[in-house]
Amino acid sequence: MQTDTIPLCDLKAQYASIKDEIAEAVGAVLESCAYIKGPQVAAFEAAFAARHGLDPFQAIGCSNGTSALTVALKALDLPAGGEVILPSHTFFATAESVLLAGLVPVFADICAHDYTIDPSSVERLVGPRTVAIVPVHIYGGMADMDALSEIARRNDLKLVEDCAQAHLATRNGRTAGTIGDAGTYSFYPGKNLGAYGDAGMVVARDPAVAERIRKLVDHGRQDKYLHDLIGDNLRIDTLQAAILDVKLRHLDEWTAARRAVAERYDAALKPAGFKVIEPPAGSAPVYHLYIVEVANRQKTLDHLKAQGISAGIHYPVPVHRQPALAGMGLKCDGDLPTTERIAGRIVSLPIYPEMTEAQIERVVEQVLHIAI
Ligand SMILES: Cc1ncc(COP(=O)(O)O)c(C=O)c1O
């Protein structure tokens with residue numbers, strides 16, 4: 001029997017569910033012709049800030065998650081060439097942003113239970129040149145911000161949270177992005193809160209830092225033709241802000257649906273002996289991705305593909321082994337054993353809010369066919 005392919009993430013189903021609201025929001029921007037810095041930008045920034053318990057000026061829309069992290073680091077005025085500790089197990093952009101900000105990435109290992117940066121590895125890497133830590137709330141689960149904040153405080157380091165995969169995740173009652181000096185977000189279409197193109201956001205604790213970020217994304221402007229910083233053009237489009245403002249209103253229901261899918265996977269796969277994400281007590285991950293470890297990944301991917309199930313690998317090549325960084329002599333915490341071990345074992349299963357019970361069943365059934 002030929003069945004439909006189950007995608008990793010179903011953007012079409014989501015669009016269909018909010019089509020009329022989107023048409024109205026987009027139509028309003030098109031009619032107004034305020035394509036750059038239209039009122040929808042400030043409205044979305046204010047709504048996003050409010051969801052984080054912040055003031056409107058503390059949230060700054062920008063062009064994507066990479067520029068968000070780059071400007072956040074630049075705005076903190078760190079000494080050029082300073083070392084920034086981050087996990088190697090992340091999307092390349094995290095390290096790229098560090099380099100684009102004129103800083104030097106240093107790679108920490110991750111915790112085996114939830115794949116977030118391991119505070120004890122960070123501790124081993126702190127040295128005289130360290131200026132900041134960039135934890136990544138990978139797959140939608142927050143890193144141990146209590147431990148990382150303590151390391152940052154003790155060593156006078158800045159802390160910038162890469163929240164590209166963790167919109168409104170919480171741990172011990174605190175929301176991703178609001179603990180460090182800044183939090184940065186991607187609204188890449190497949191993210192939990194996704195634009196219809198590229199977009200991003202920075203939230204910053206200190207008003208002076210927020211003001212610098214606002215300038216850095218808009219040509220260092222103090223006024224229309226008066227520039228007191230060398231910035232760039234990294235603004236968020238009005239159209240994307242209008243779309244995201246609509247979608248933000250649905251984020252809680254979508255997150256609840258993602259959690260329900262993850263719960264179903266957990267209930268089926270854990271008793272069968274599969275290693276999946278194990279969120280620590282007190283954390284409420286938002287399940288951007290659902291990860292299962294397998295012994296024979298290629299066989300698993302081939303099997304799922306043959307059964308019409310899309311699967312992914314996030315990420316097959318750790319950042320410290322990327323060709324672009326070869327020869328730079330970047331430091332790592334030893335051989336990064338957990339990072340290296342899981343890179344060959346992880347598989348991302350389909351997870352999206354619109355997933356049906358039948359689709360979940362089909363994925364579970366096929367994964368259970370796989371030898372661990
Ligand atoms: C962890 C992480 N950091 C940074 C980024 C970069 O975001 P963007 O693709 O919007 O530039 C992404 C998303 O792709 C990501 O997953």
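Note that the structure is a prediction, hence the values are computed from the model and not measured.

Here is what the cut-offs are and how they apply
- Residues numbered from 1 in each chain as written.
- Predicted model: local features only at pLDDT ≥ 70, side-chain atom pairs only at ≥ 80, totals over all residues.
- Helix = DSSP H or I, 4+ residues; strand = E, 2+ residues; numbered from the N terminus.
- Rg over C-alpha atoms; globule rule 2.2 N^0.38 Å.
- Buried ≥ 20, exposed ≤ 12 C-beta atoms within 10 Å, placed from the backbone.
- Contact = placed C-beta atoms within 7 Å.
- Core = buried A, V, L, I, M, F, W, Y, C linked by C-beta atoms within 7 Å.
- Domains from an automatic or database assignment.
- Near = placed C-beta within 6 Å.
- Nonpolar A, V, L, I, M, F, W, Y, C, P; charged D, E, K, R; others polar.
- Pairing = 2+ DSSP bridges.
- Right-handed = clockwise from strand over helix to strand, strands pointing away.
- Axes fitted to C-alpha atoms, helices over the stretch in contact; angles between N-to-C directions.
- Left-handed = near helix turned anticlockwise from the far one by under 90°.
- Parallel < 35°, antiparallel > 145°, perpendicular 65-115°, else oblique.

It is worth spelling out the overall build of the protein chain at this point. Along the backbone of the protein chain there are 12 helices and 14 strands. Against the 2.2 N^0.38 benchmark of 21 Å for 372 residues, the protein chain shows a C-alpha radius of gyration of 21 Å, consistent with a compact globule. Dimensions of the protein chain, computed from the C-alpha atoms along their principal axes, are close to 65 × 55 × 35 Å. The 372 residues of the protein chain split such that 47% are buried. For the protein chain, contacts bridging at least 24 residues in sequence account for 72% of all contacts bridging at least 6.

Moving on: the nonpolar core. Core analysis: the largest hydrophobic core is formed by 106 residues, its most contacted members being V71, A72, L73, A132, I133, V202 and I213. By residue number, the principal contributor to this core is helix α3 (residues 65-75), which donates 6 residues. Looking at which domains feed residues into this core, each of domain 1 (12-248) and domain 2 (251-367) supplies at least three. Those residues within four positions of L73 in sequence are excluded, and the remaining contacts are L78, S97, V98, A101, L103, A132 and V160.

Further remarks concern the site of the ligand. Taken together, 15 residues form the shell around the ligand, and within it N64, G65, T66, A164 and S186 come nearest. Every element with two or more residues in the shell around the ligand is listed here: α3 and α4 (93-100). Split by residue class, the shell around the ligand holds 5 nonpolar, 8 polar and 2 charged.

Let us now look at helix α8 (residues 238-248). Where burial is concerned, most of α8 is hidden: 8 out of the 11 residues are buried. Taken as a whole, α8 has its buried residues at T238, L239, Q240, A241, A242, I243, L244 and K247.

Attention shifts here to the pairing of strand β3 (residues 104-108). β3 sits mainly inside the fold: 4 of its 5 residues count as buried. The pairing of strand β2 (residues 83-87) with β3 spans 5 bridges and is parallel. Its bridge partner being in β3, L86 is matched across the sheet by F107. Taken together, β2, α4 and β3 constitute a β-α-β crossover, and its handedness is right-handed.

Looking now at the packing of helix α2 (residues 39-51) against α8. For the pair α2 and α8, the least separation of the axes is 8 Å and the interaxial angle reads 35 degrees. Relative to α8, α2 is oriented so that their crossing is left-handed. Residue-level inspection shows Q40, V41, A43, F44, A47, F48 and R51 of α2 in contact with α8, the latter providing T238, A241, A242, L244, D245 and L248.

Turning our eyes to something else, we now look at the sheet that holds β3. Taking strand neighbours across the sheet as the criterion, the 7 strands line up as β1-β9-β8-β5-β4-β2-β3 in an open arrangement whose pairing is mixed. The outermost strands of the open sheet, each flanked by one partner alone, are β1 (59-62) and β3. Direction aside, neighbouring strands of the sheet carry axes that sit 25 degrees apart on average. Against the sheet, helix α6 (residues 145-155) engages β4 (130-133) and β5 (158-162), with an angle of about 160 degrees to β4.

Contact pair α3 / helix α7 (residues 207-216): the axes reach a minimum separation of 9 Å and the direction vectors enclose 130 degrees. In terms of their interaxial angle, α3 and α7 are classed as oblique. Like other packed secondary-structure pairs, α3 and α7 cross with a definite hand, here right-handed. Here V71, A72, K74 and A75 of α3 come into contact with α7, specifically with V209, R212, I213 and L216. Residue composition of the contact of α3 with α7, by class: 6 nonpolar, no polar and 2 charged.

Our focus in this paragraph is the sheet that holds strand β12 (residues 283-284). Overall, antiparallel pairing links the 3 strands, which are arranged β7-β6-β12 in an open sheet. Of all strands in the sheet, those bounded by a partner on one side alone are β7 (174-175) and β12. Two elements, strand β6 (residues 170-171) and β7, share 2 bridges in a ladder whose sense is antiparallel. Bridge assignment links T170 to a residue of β7, and that residue is T175.

Attention now moves to the domain arrangement of the protein chain. If you check the domain split of the protein chain, you get domain 1 (12-248) and domain 2 (251-367). Just the C-alpha atoms count here: the centres of domain 1 and domain 2 sit 23 Å apart. Residue-level contacts link 40 residues of domain 1 with 32 residues of domain 2. Among the secondary structure elements, those contributing two or more residues to the side of domain 1 that touches domain 2 are α1 (11-32), β3, α5 (119-125), β6 and α8.

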